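# Remarks on the overall topology
Chain by chain, the residues run as shown.
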Amino acid sequence: MTGSADTALVVGGGVAGLAAAASMLQQGWSVTVLEQAPEFTEVGAGLALTANGLSALAGLGLGDTARATGHRLHMAGTMNERGDWLMRIP
Ligand SMILES: Cc1cc2nc3c(=O)[nH]c(=O)nc-3n(C[C@H](O)[C@H](O)[C@H](O)COP(=O)(O)OP(=O)(O)OC[C@H]3O[C@@H](n4cnc5c(N)ncnc54)[C@H](O)[C@@H]3O)c2cc1C
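My aim in this report is to walk through the structure given alongside it, one point at a time. (Residues numbered from 1 in each chain as written. Predicted model: local features only at pLDDT ≥ 70, side-chain atom pairs only at ≥ 80, totals over all residues. Heavy atoms only, no water.)

Around the ligand, the surrounding shell consists of Val-11, Gly-12, Gly-13, Gly-14, Val-15, Ala-16, Leu-34, Glu-35, Gln-36, Gly-46, Leu-47 and Ala-48. Interatomic distance of 3.1 Å between a backbone N/O atom of Val-15 and an oxygen atom of the ligand. Note that an oxygen atom of the ligand is positioned 2.9 Å from one of the backbone N or O atoms of Ala-16. Look at the ligand: alone it shows 1000 Å² of surface, and the protein chains cover 39% of it. Looking at the shell around the ligand residue by residue, the classes come out as 6 nonpolar, 5 polar and 1 charged. (Near = heavy atom within 4 Å. Polar contact = N/O pair within 3.5 Å; in protein donor to acceptor, adjacent residues only side chain to side chain. Areas by Shrake-Rupley, 256 points an atom, 1.4 Å probe, with all protein chains shown as cover. Nonpolar A, V, L, I, M, F, W, Y, C, P; charged D, E, K, R; others polar.)

Below you can see the structure in the form of structure tokens.
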């Protein structure tokens, strides 16, 4: 990140790289993202976002999009093998 033109090179198009790139774009930077993968494909896993993740997306102006494309979990957490809750996230 040098020079008067406010340009940035982001290596990696994962959530961290894309969030950084989106944030800099919103600040008027010129951003190039380099991603080694030839394409993004489904990996067969859901993505759970907690409140801080949604807050971060809202900060990027993506909160409404995230809410519209996801669905709300009323209770999540971790159970042991007997089905007892070890940790609950309301
Ligand atoms: C099965 C599974 C389920 C998960 N579920 C959740 C969940 O529900 N909620 C949650 O918050 N997190 C979840 N995680 C964790 C979450 O996926 C990671 O924390 C997150 O993806 C990390 O983001 P990142 O951008 O730092 O790294 P990554 O997502 O790993 O992205 C890094 C990117 O950089 C690219 N790259 C690497 N080296 C180079 C290079 N030299 N040049 C160019 N590109 C390069 C890679 O190809 C990749 O696309 C899960 C992870 C897994 C594996």
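All right, on to the environment of Val-33 then. As for its position among the elements, Val-33 is in strand β2 (residues 30–34). Distance from Val-33 to Val-10, taken between C-alpha atoms, is 4.7 Å for residues 23 residues apart in sequence. Not counting the four nearest positions on each side in its chain, Val-33 is found in contact with Val-10, Gly-12, Gly-13, Leu-18 and Ala-21. (Helix = DSSP H or I, 4+ residues; strand = E, 2+ residues; numbered from the N terminus. Contact = heavy atoms within 4.5 Å.)

On the surface, a nonpolar cluster with roughly 320 Å² of combined accessible area is contributed by Leu-9, Val-11 and Leu-34. Relative to the elements of secondary structure, Leu-9 occurs in strand β1 (residues 7–11). (Patch = residues over 30% accessible without salt bridge, like charges linked within 9 Å, V, L, I, M, F, W, Y side chains within 5 Å. Salt bridge = Lys/Arg side-chain N within 4 Å of Asp/Glu carboxyl O.)

What follows covers the side chain of Asn-80. By the element assignment, Asn-80 lies in the loop between β3 (76–79) and β4 (85–89). A polar atom in the side chain of Asn-80 sits 2.9 Å from the backbone nitrogen of Asp-84.

The next thing to look at is the nonpolar core. Ala-8, Val-10, Ala-21, Met-24 and Val-31 together form the largest nonpolar core, which totals 5 residues. Taken together, the elements giving at least two residues each to this core come down to β1 and α1 (15–26). Apart from the residues lying within four places of it in its own chain, the contact partners of Val-31 are Ala-8, Val-10, Ala-21, Met-24 and Leu-25. (Core = buried A, V, L, I, M, F, W, Y, C linked by side-chain atoms within 4.5 Å. Buried < 20%, exposed > 50% of the residue type's maximum accessible area, 1.4 Å probe, protein only.)

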